[in-house]
Amino acid sequence: MKNPTAALAAGAALVTIALTAAAFWLSYEHLHDIASTNGLDGARAWAWPATVDLFIIAGELLVLRASLRGAVDWWAYALAAVGSGGSIALNVFGVGDGAQPMEYVVAAVPPSAALIAFGALMRQVHEALHRIQAAADTVQPPAADDFERAAEQAVEVAEPTAHPAPAAAIPPQPTAQPEPNAAASTAAHTLDAADVQPDPQPTATAPVVRQMTTPDADAQLLEDARKLNAAALAETGRPASLRRLQDGLRIGQRRAQRIQAQLPRSA
């Protein structure tokens, strides 16, 4: 077996799904019987339990959604609590007066098991989605949407500071005129040509490439990150993710990773 952890997780998920389905079916069937004996028949008797049990499913799904967003949705918890409490109460009171204590216990087990099993299933789904989201954040970092993120990946190219100067043009020599002293004239022209020399050419320097430096997070930024991390620990029991630090602090991924390394992993 290459990955026993994955196999165990898959087995636990299958068992949880089976337990959830069995518990919901028993609870739903009992509520249908209660509806049938209290004035409802046919499709209405089968639809009536859904008005109670579907609150549990809706509440649990909203709790999962809020957890993935790193928030707490108290309305979702209220929906799940109302559905669970109503299902348990109706199953127990539907037994009627004068029943044996064990009959009440039997009636209470299916809705209670459905609540616990469905919550365990949603927890496993949350962990799987959290791993997928973390992998996606690592493989595909979000695009830079502000100057801070763009600056962390930019490279400043310094242009050469020295530019070659154009060669000094040698002025044309005047046409020699016959002079009485030809030797003296020739010497003068030779000296003039020697004095006019082109300026030395400066050597061009190669472009200088340097990586832009990013300063470490200052005290205020680190303090804000600690507040975000504390909120995430209080809400989800997990430290703040890179995505939450980037969105909350408006910083890039690399800087968020450096800040995340300085944050506590537990409350």
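Residues numbered from 1 in each chain as written. Predicted model: local features only at pLDDT ≥ 70, side-chain atom pairs only at ≥ 80, totals over all residues. Heavy atoms only, no water.

### Regarding the nonpolar core
As a rule of thumb, soluble globular proteins bury nonpolar side chains together. One finds L221, L222, A225, A232, A240, L242, L245, L249, I251, A256, I259 and L263 forming the largest nonpolar core, which totals 12 residues. Of all elements in the fold, only α8 (219–236), α9 (242–249) and α10 (253–260) reach the threshold of two or more residues within this core. The leading source of residues in this core is α8, at 4 residues. Not counting residues within four places of it along the chain, the set of residues in contact with L242 comprises Q253, A256, Q257 and Q260. (Core = buried A, V, L, I, M, F, W, Y, C linked by side-chain atoms within 4.5 Å. Buried < 20%, exposed > 50% of the residue type's maximum accessible area, 1.4 Å probe, protein only. Helix = DSSP H or I, 4+ residues; strand = E, 2+ residues; numbered from the N terminus. Contact = heavy atoms within 4.5 Å.)

### Considering the packing of aromatic side chains
For the structure shown, the criterion picks out 2 aromatic pairs. Judged by centre distance (6.0 Å) and plane angle (90°), the rings of F24 and F118 are edge-to-face. Linking F24 in helix α1 (residues 4–36) with F118 in helix α5 (residues 101–139), this pair joins segments that are 94 residues apart in sequence. Take F24: its relative accessible area is 14%, and that puts it in the buried class. Ring centres 5.7 Å apart and planes at 45° place the aromatic pair W74 and Y77 in the tilted group. With a gap of 3 residues between them, W74 and Y77 both fall in helix α4 (residues 74–93), about one helical turn apart. Looking at W74, the relative accessible area reads 67%, which means it is exposed. Since its relative accessible area comes to 42%, Y77 is described here as partly exposed. (Phe/Tyr/Trp six-rings, centres within 6.5 Å; stacked < 30°, edge-to-face > 60°.)

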